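# Observations on the three-dimensional arrangement
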Amino acid sequence: MEIKEERSSEETRQFLPSSQADSLGEPQFTSIQRIADEPKLEFSLACKDLVAVNRDRKLNTFIQVSVVHPAEHTLTRYSSTEIVEGTRDPLFLTGVTFPPEYPIYEETKIKLTVYDVKDKSQDTVRTCVLPDQKEQKADVGRSFLGCTTFRVGDLVKSKDQQLTLTLRTSDGGKTVGTIEVNLVKMGELEAGETDHIATDAQDQKCALVRECTATEGISGKDNLPSLNAVLKNPICKLYRFPTSDNKWMRIREQMAETTLSFHVPKELINLHIKEDMRRNQELKDLGELAPHWDNMRRSVIAHCDQMLTMYQDTLAELGKHTGSSFKSSCSKGEKTLEFIPINLHLQRMHVHSPRLKDALYDVITVGAPAAHVQGFKNGGLRKLLSKFEAERRNTGYQCIYYSPENTAKAKEVLSNINHLQPLISSHADLLLNSASQHSPDSLKNSLKMLSEKTELFVHAFKDQLVRSALLALYTARPGCVLKKPAMPRNSVEEGGDLQHQDHPSQIKRQDSIPHHSEYDEEEWDRVWANVGKSLNCVIAMVDRLLEKDNLSNIKEGENDPPAADCKVLHTGGDWYEQLYPLVITLKDCMGEVVTRAKQSMAFVLLQELACGLPQCLMLTLRRDIVFSQALAGLVCGFIIKLHTGLHDQGFLQQLHTVGLLVQYEGLLSTYSEEAGMLEDMAVGISDLQKVMFKVIEAKSEDFLPIITGRREHYIIEVQLPGKMFELLPQEIKEGKLLRMYPVLFNVGINEQQTFADRFGDTTLQENINQENLELLKEYYKLFTEKMPPDCLPHFQEQNDLKGLLENLHQNIQAKKRKNVEIMWLAATICRKLNGVRFTCCKSAKDRTSMSVTLEQCSILRDEHQLHKDFFIRALDCMRREGCRIENVLKNVKCRKYAFNMIQLMAFPKYYRPPEGTYGKADT
């Protein structure tokens, strides 16, 4: 057959889409029967009795797979296997898979070409994507051995679904060996023992691995619509490894990016814009201020408007983004993408072994949440926030100092006002509507709701902060004359004496807030107490009306009154007219409280902003950026965990009774810039403690999560289809808020950590690990107090967990260099407590890949009896041909981990990639 063209393997993934195939009239070809959403065709390859060109050296071979399309009669390069070294009978790890949309038919022919690789470092066809060079020279680092062709229909219809083909030289003459092609069907366990693999293939790297492109519906078909809404572009691999009793187990490894990488940050930025616009308006509504304070307000509003514009511009740019759902490691420095998490993916391992129940292991991999665009010259958030707070305390600003706790309280009061005021107004209108309809039951219900919300409203202002802020605001009004100098107060207890101060410019601390002799401090008490009194009047009137109504009904039952009497009774008992003035009074009283409270709390926020312009706003921006990246990962992890645990009643009970443990594994060093990244990451993960989740039933086909709330108080509403929602416990279905317990353990493993260990400072890492150990212990204590012991996974015991926690404690206290056992113990504890696992390094590409593959193989060894002789070979197999090398390719367009030999000498032994998979690459 004439070869018209040969394309690169990357190009052929787009080869002849289905729509084009239909236009060519290809339905005349015989389709291959297959299961929906499964690959059309998959097969594995092995060679036997290969003949070496040079008998003085061993063969290092791989197979190039090309497709001969029946309509166009063109040869298209499709894929390649890995290189198997040092044998004439190579069993190839990588299989061949054709996705559901690929136009392959029984008439399609497959060409298999075997090459002998002389120098792996020069065989770049398999390792790099070369967009400007479609063809590689065949003689660069490799030599042609032989080729063969087979028809797809022959493989599919063969009796044993296996073909043994003869390899011949290019002229079709000399025989140079044979190729075995085995059709592979997903979900079938292989029969037979594995002794021949362990004995005959000792020099080879591993057992079979093949690629597949279908999404694994492990959690059930009903889960797919909602999972497909958040997971995109899956990459799948399949391996088979021998167990300790010489049986096969099959492992499917998957990696998928998520639409949440962009969805969550856009939702957050939108909320930031609304919150900041509301705050700016509250500052403008402060009313008339003395010149000093008015100038301060103008400056603050000007800076806030600039930041608001920046958020709006960022949101507009993100709205224009199309294409991939993930941010590559090369884009860390892009300003428009700074809110987007780096390289966020789900990494999943599904294990199917002969004697054990199928098991699923998930890890979310993501670059450490950090503000790369802002840089780390002055450290990260942990250091910057501490330094900023110290400067605010110790520097004589021309403003009043309020502690972070009081500032947070002010934001909470403002949030409560904005939330409760419209609710109370709405319930008051419903009460009047019930009165106009003369409906006793409706009136009772409306009054109950109005009373509950109004009591919450009144309680929100029972705080000394509101009173002291009102006094401070009074002194900031024009024409305020203070007669005595201010004296420090040791306490801010209610009823404490407040002193005078001569001039606003002398106000430096909250504990020197002035007291003016003409200011009636009890006025505020009267104002907010009036709300409660007005509510009591409404309650009394409703009770009186209902009582009269009951008496009237009794009289009507005993003796029917004349028609004229009835008319008088209903006219005199018009509920609406009697309730209306009381409800209006309640609304007026509430409006006065709202006006004063809003102004006083806005004045507190003015002090916070004015005390640190512009650093305060820049720190807020940095914290927003880091939190956005962290939250996107958390939402992804929660949704995946919820889907996989829907049929686990113990997990669902734990979720609403205790909360969800979220364990982050950090691989950052404590040297140079990465120390700043670790500081950012620590604060971002800690901020996730304030996030609450809520599960709701989806009302449409849009299953993306909904985010509400404000900074430091967000609620994530996760939508589930009706069938899945019905599986949840009643508490979750009723909207109970679900708590998160994030913990971070970090161990630097690279050469920079070696510098930090020997010449630098590791205190940051030690402090983070110790602090988070205490948080983990707190979660475990809650778990043991609230949950029955049988809620742990079936292979766990309480004593086992206690021992692991104690071991973790000892390892953290030991302060041993590069003590990766901390990571292994923390990950094991997390899995045993039904937690969500995260693994992070700078880009979630190289060190992260080493860690997750090591974790996967460790699980196979410890939980699924992976043959001890195959641990290293399985590890190399996953790193060389698995999903993580595909992740490297997605990020840097090169199949090489960004390590060099000198760097790897500093790595712990099991974190080093196999030879030939690393080298120079941009990260």
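Residues numbered from 1 in each chain as written. Predicted model: local features only at pLDDT ≥ 70, side-chain atom pairs only at ≥ 80, totals over all residues. Heavy atoms only, no water.

### Section: the overall build of the protein chain
To keep it simple, the criterion reads: Secondary structure elements are taken from DSSP: a helix is a run of H or I of four residues or more, a strand is a run of E of two residues or more, and numbering for both begins at the N terminus. Per-residue accessibility, obtained with a 1.4 Å probe over protein chains only, is compared with the maximum for each type, and a residue is labelled buried under 20%, exposed over 50%, and partly exposed between these values. Contacts are residue-level and defined by heavy atoms, with any inter-residue pair within 4.5 Å sufficient. Each accessible area value is a Shrake-Rupley result obtained with a 1.4 Å probe; residue values ignore everything except the protein chains displayed when judging cover.
Helices and strands together make up the secondary structure of the protein chain, namely 26 helices and 20 strands. Counting across all 923 residues of the protein chain, residues that qualify as buried make up 55%. A sequence separation of at least 24 residues applies to 77% of the contacts in the protein chain between residues at least 6 apart. A total accessible area of about 40500 Å² is found for the protein chain, and carbon and sulfur atoms account for 49% of it.

### Considerations on a nonpolar patch on the surface
The test is simple: Patch rule: a residue counts if its relative accessible area is over 30% and it has no salt bridge; like charges are joined within 9 Å, and nonpolar side chains (Val, Leu, Ile, Met, Phe, Trp, Tyr) within 5 Å. The salt bridge definition used is simple: a Lys or Arg side-chain nitrogen within 4 Å of an Asp or Glu carboxyl oxygen.
Residues Tyr671, Phe755 and Phe759 make up a contiguous nonpolar surface patch of about 350 Å² in total accessible area. In this fold, Phe755 is placed in helix H19 (residues 751-759).

### Here we look at the pattern of salt bridges
A full pass over the atoms with the stated rule returns 32 salt bridges. A salt bridge links Arg837 to Glu665; the nearest nitrogen and oxygen atoms lie 3.1 Å apart. Residue Arg837 is located in strand S20 (residues 836-840), and its partner Glu665 is located in strand S15 (residues 660-666); the two are separated by 172 residues in the primary sequence. Like Arg837, the residue Glu665 is buried in the burial classification. A single network of salt bridges, built from pairs that share partners, joins Glu275, Asp276, Arg279, Asp624 and Arg711.

### What about the environment of Lys453?
Assignment of secondary structure puts Lys453 in helix H9 (residues 440-459). Sequence separation between Lys453 and Gln421 is 32 residues, and the spatial gap between their C-alpha atoms is 8.8 Å. When near neighbours in sequence (up to four residues on either side) are disregarded, Lys453 contacts Leu420, Leu423, Ile424 and His427.

### Observations concerning the nonpolar core
In globular proteins that are soluble, nonpolar side chains generally tend to be buried together. What counts is decided by this rule: Residues belong to a common nonpolar core when they are buried Ala, Val, Leu, Ile, Met, Phe, Trp, Tyr or Cys residues joined through side-chain atoms within 4.5 Å.
Leu431, Phe457, Trp524, Leu579, Met601 and Phe603 are the most contacted members of the largest nonpolar core, which totals 84 residues. Element by element, the count of residues in this core is highest for helix H13 (residues 575-610), at 16 residues. Look past the residues within four positions of Phe457 in its chain and what remains in contact with it is Leu420, Ile424, Val531, Met590, Val593 and Val594. The next biggest cluster of nonpolar side chains, apart from the first, holds 60 residues, and it includes Val264, Leu634, Phe651 and Leu655.

### Describing the pairing of strand S6 (residues 109-117)
Where we set the bar: Strand pairing is defined by DSSP finding a minimum of two bridges between the two strands.
In terms of residue burial, S6 counts as a mostly covered element, since seven of its nine residues are buried. Alignment of S6 against strand S7 (residues 142-151), held across nine bridges, turns out to be antiparallel. If you follow Lys111 over to S7, its bridge partner there is Thr149.

### Observations regarding unusual backbone geometry
Cis geometry marks the peptide bond from Leu613 to Pro614; its omega dihedral reads -10°. Position of Pro614 relative to the elements: it lies in the loop between H13 and helix H14 (615-644). The phi torsion at Asn246 lies on the positive side, around 60°, for a residue other than glycine. The topology assignment puts Asn246 in the loop between strand S11 (231-242) and strand S12 (248-258). We note that Lys815 has phi near 55°; this positive angle belongs to a residue other than glycine. You can see Lys815 is positioned in the loop between helix H21 (798-814) and helix H22 (821-832). Overall, Lys815 belongs to the exposed group, its relative accessible area being 56%.

### Brief notes about the packing of helix H5 (residues 260-284) against H13
Put simply, the test is: Note on geometry: axes are lines fitted to C-alpha atoms, helical ones only across the stretch in contact, with angles between N-to-C directions running from 0 to 180 degrees. With respect to orientation, any angle under 35 degrees is reported as roughly parallel, any angle over 145 as roughly antiparallel, any angle of 65 to 115 as roughly perpendicular, and every other angle as oblique. For this scheme, ten residues count as nonpolar: Ala, Val, Leu, Ile, Met, Phe, Trp, Tyr, Cys and Pro. Four count as charged, namely Asp, Glu, Lys and Arg, and the remainder, Gly too, count as polar.
H13 packs onto H5 with a crossing angle of 105° between their chain directions and a minimal axis gap of 9 Å. Between H5 and H13, the angle is such that the two are roughly perpendicular. On H13, the residues touching Arg279, Glu282 and Leu283 of H5 are Lys598, Ala602, Leu605, Leu606 and Leu609. Grouping the constituent residues of the contact of H5 with H13 by class yields five nonpolar, no polar and three charged.

### Side note on the side chain of Thr475
Here is the rule we go by: Within 3.5 Å is the distance limit for a polar contact, defined as a pair of N or O atoms, with the added protein rule that one can donate a hydrogen and the other accept it, and that residues adjacent in sequence qualify only through two side-chain atoms.
Here Thr475 shows up in helix H10 (residues 464-475). Reaching out from Thr475, the side chain makes a polar contact with the backbone oxygen of Ala472 at a distance of 2.6 Å.

### Notes on H14
For clarity, the cut-off: What a helix should span is 1.5 Å times the count of its residues minus one.
An ideal rise of 1.5 Å per residue puts 44 Å on 30 residues; H14 measures up with 44 Å between its terminal C-alpha atoms. Across the 30 residues that make up H14, a large majority, 24, are buried.

### Here we look at the state of the cysteines
Keep this limit in mind: For this text, the term disulfide refers to a pair of cysteine sulfurs within 2.5 Å.
Under the definition given, this model contains one disulfide. Two residues, Cys399 and Cys611, share a disulfide whose sulfurs are 2.3 Å apart. Disulfide Cys399-Cys611: torsion about the S-S bond near 120°, hence right-handed. Taken together, the positions of Cys399 in the loop between helix H7 (381-394) and helix H8 (404-436) and Cys611 in the loop between H13 and H14 put the pair 212 residues apart, joining distant regions of the chain. Comparing Cys399 with Cys611 shows no difference in burial state: the two are buried. No disulfide involves Cys616; its sulfur sits 8.2 Å from that of Cys304, the nearest cysteine. Overall, Cys616 belongs to the buried group, its relative accessible area being 6%.

### Quick look at the confidence of the model for the protein chain
To keep it simple, the criterion reads: The quantity called pLDDT is the predictor's confidence in a given residue, expressed from 0 to 100.
On average, residues of the protein chain score 82 in pLDDT, and 80% of them reach the 70 mark or higher. Long-range and interchain partners of residues 122-139, a stretch whose pLDDT sits below 50, account for 35 contacts in this model, where long-range means more than four residues apart.

### A short note on the packing of aromatic side chains
Both the distance between ring centres and the angle between the ring planes are used here to describe each pair of aromatic rings. Applied cut-off: Working definition: rings of Phe, Tyr and Trp (its six-membered ring) pair if their centres are within 6.5 Å, and the pair is stacked with planes under 30 degrees apart, edge-to-face with planes over 60 apart, and tilted otherwise. Think of it as a cone above the ring: NZ of Lys or CZ of Arg counts as a charge over the ring if it is within 6 Å of the ring centre and within 35 degrees of the ring normal.
All chains considered together, the criterion is met by 15 aromatic pairs. Both rings, one in Tyr115 and one in Phe144, keep their centres 6.2 Å apart while their planes meet at 75°; by these two values the pair is edge-to-face. Taken together, the residues span a long stretch of sequence, with Tyr115 in strand S6 and Phe144 in strand S7 at a distance of 29 residues. Given a relative accessible area of 10%, Tyr115 falls into the buried group. On the numbers, 6.0 Å between centres and 55° between planes, the contact of Tyr311 with Phe339 is tilted. Linking Tyr311 in helix H6 (residues 291-319) with Phe339 in the loop between H6 and strand S13 (345-352), this pair joins segments that are 28 residues apart in sequence. The residues Tyr311 and Phe339 share a single accessibility class, namely buried. One aromatic cluster is present, formed by Phe62, Tyr115 and Phe144 through successive ring pairs. Lying across the ring of Phe870, Arg873 places its NZ or CZ 4.1 Å from the centre. Sitting over the ring of Phe326, Lys890 keeps its end group 4.5 Å from the ring centre.

### Here we look at the pairing of strand S8 (residues 162-168)
Of the two faces of S8, the one holding Leu163, Leu165 and Leu167 is buried and the one holding Gln162, Thr164, Thr166 and Arg168 is not buried anywhere. The pairing of S8 with strand S9 (residues 175-183) spans seven bridges and is antiparallel. Along S9, the bridge assignment pairs Leu165 with Ile179. What sits between S8 and S9 in their antiparallel hairpin is a turn of six residues, with Gly172 showing a positive phi close to 80°.

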